[in-house]
Amino acid sequence: MKSTRFDSAKDLILLWTRLWGPLGDRRCVMALDTGASDTLIRPDILDGLGYNPRDAGGVTTVTTALGVEPGYWLPVKRLWALGFEFNDFRVNAHDLPEDCGLDGLLGLNFLRQFNYEVRSKEGVIRLELA
Amino acid sequence: MSEKITWNQIRQRYPDEWVILVDLDADEETNEVFGGVVLGHDPSEKKLIKDTKDAAAGTSAAILFTGEIGKGSFLF
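Nothing here was measured: the structure is a model prediction, and the numbers come from that model.

Chemist: With reference to specific residues and values, describe the overall build of chain A.
Modeler: Helix and strand counts for chain A come out as 2 helices and 10 strands. In chain A, the succession of α and β elements from N to C terminus is β-β-β-β-α-β-β-β-β-α-β-β. In terms of overall dimensions, chain A is globule-like: its C-alpha atoms have a radius of gyration of 14 Å, near the 14 Å expected for 130 residues. With the C-alpha coordinates of chain A rotated into their principal frame, the extents come out at 40 × 30 × 25 Å. Residues classed as buried in chain A amount to 52% of the 130 residues present. Sequence separation of 24 or more characterises 60% of the internal contacts of chain A that already satisfy a separation of 6 or more. Accessible surface, chain A: about 6200 Å² in total, of which carbon and sulfur atoms supply 49%.

Now the structure itself:
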C-alpha cells in the first residue's frame, strides 16, 4: 500500500507526475479525474518530449459536456504517478484550457490497475496494485 | 544559464505564467519540484514549449503553471 498526500483545500486533487520520452523527461502537475476513462496529456507536452502525432496509435474522440472533439492516443515510454510507474502507457493527447494550469488529467486507465481509496478530508490517496 | 531559485521565488517573479525549469531541485520519491533554473517563461504554454524545445531536449525538466491551478473555473 502506498500513500500520497494532496492539498485538500484545493478545488482539484493535484498530483505530481513524471513522463519520459525520446527527448528527456518532464515533471508535471495533473489532476486526478475518476470521471475520465483515459489519462489525458496536453499535446504540447508530448511534442516537447519528442513524440509526434504521426506516432499516434489511433484517432480518438473526447466527449465532454460541451461536445465531442478529436484527439489521438499514443503510448508514452514511461509514466510515474502516485508512487508507481508504467512503461508504454497509453495517453490521450488533447488540449486543456491554458489558464486552468494543468498539464493533464490522470484517468481511470491508470487507476484501474489498483484498488484505491481517496480520503478527501485527510488529503490522502492510498493505492495497492490489484 | 541563470541562477537556481526556489518555487516561491519563481511564482513571485513570473506570476500567472507557464515556466519550464531545468537543473531541478526535486524530491526523487514524490517528484515534487521545489525549484530550479528557469529556462523559459510565457503566459502561453504552447509558445513556451515551442520556444524552448531545442534547449530543453535531453533534459530532465518540469513544466509548471505559477498561478492558482483550476481557480475560478470548473473542470470536468
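Chemist: Quick rundown of helix α2 (residues 45–56) of chain B? Include the residues and the values.
Modeler: An ideal rise of 1.5 Å per residue puts 16 Å on 12 residues; α2(B) reaches only 14 Å between its terminal C-alpha atoms. Of the positions making up α2(B), those classed as buried are E45(B), L48(B), I49(B), T52(B) and A56(B). On an axial view of α2(B), the arc spanned by its buried residues comes to 95 degrees, and they lie on one face. Turned more than 90 degrees off the buried face of α2(B), the exposed positions are K50(B) and D54(B). On its buried face, α2(B) sits against β3 (24–32) and α1 (43–48) of chain A together with β2 (18–26), β3 (33–42) and β4 (59–65) of chain B. At the N-terminal end of α2(B), a side-chain oxygen is found 3.4 Å from the backbone nitrogen of K46(B), two or three residues along, and the residue is S44(B). One or two steps after α2(B), the chain reaches G58(B), where phi turns positive at roughly 85 degrees.

Chemist: Which residues make up unusual backbone geometry, and what values do they have?
Modeler: Residue and element names in this part refer to chain A. For D88, which is not glycine, the phi dihedral falls at a positive 50 degrees. Secondary-structure assignment places D88 in strand β7 (residues 84–93). Judged by relative accessible area, which is 59%, D88 ranks as exposed.

What counts, and at which threshold
- Residues numbered from 1 in each chain as written.
- Chains lettered and ligands numbered in written order.
- Predicted model: local features only at pLDDT ≥ 70, side-chain atom pairs only at ≥ 80, totals over all residues.
- Heavy atoms only, no water.
- Helix = DSSP H or I, 4+ residues; strand = E, 2+ residues; numbered from the N terminus.
- Rg over C-alpha atoms; globule rule 2.2 N^0.38 Å.
- Buried < 20%, exposed > 50% of the residue type's maximum accessible area, 1.4 Å probe, protein only.
- Contact = heavy atoms within 4.5 Å.
- Areas by Shrake-Rupley, 256 points an atom, 1.4 Å probe, with all protein chains shown as cover.
- Expected span 1.5 Å × (residues − 1).
- Arc of directions from axis to C-beta.
- Polar contact = N/O pair within 3.5 Å; in protein donor to acceptor, adjacent residues only side chain to side chain.

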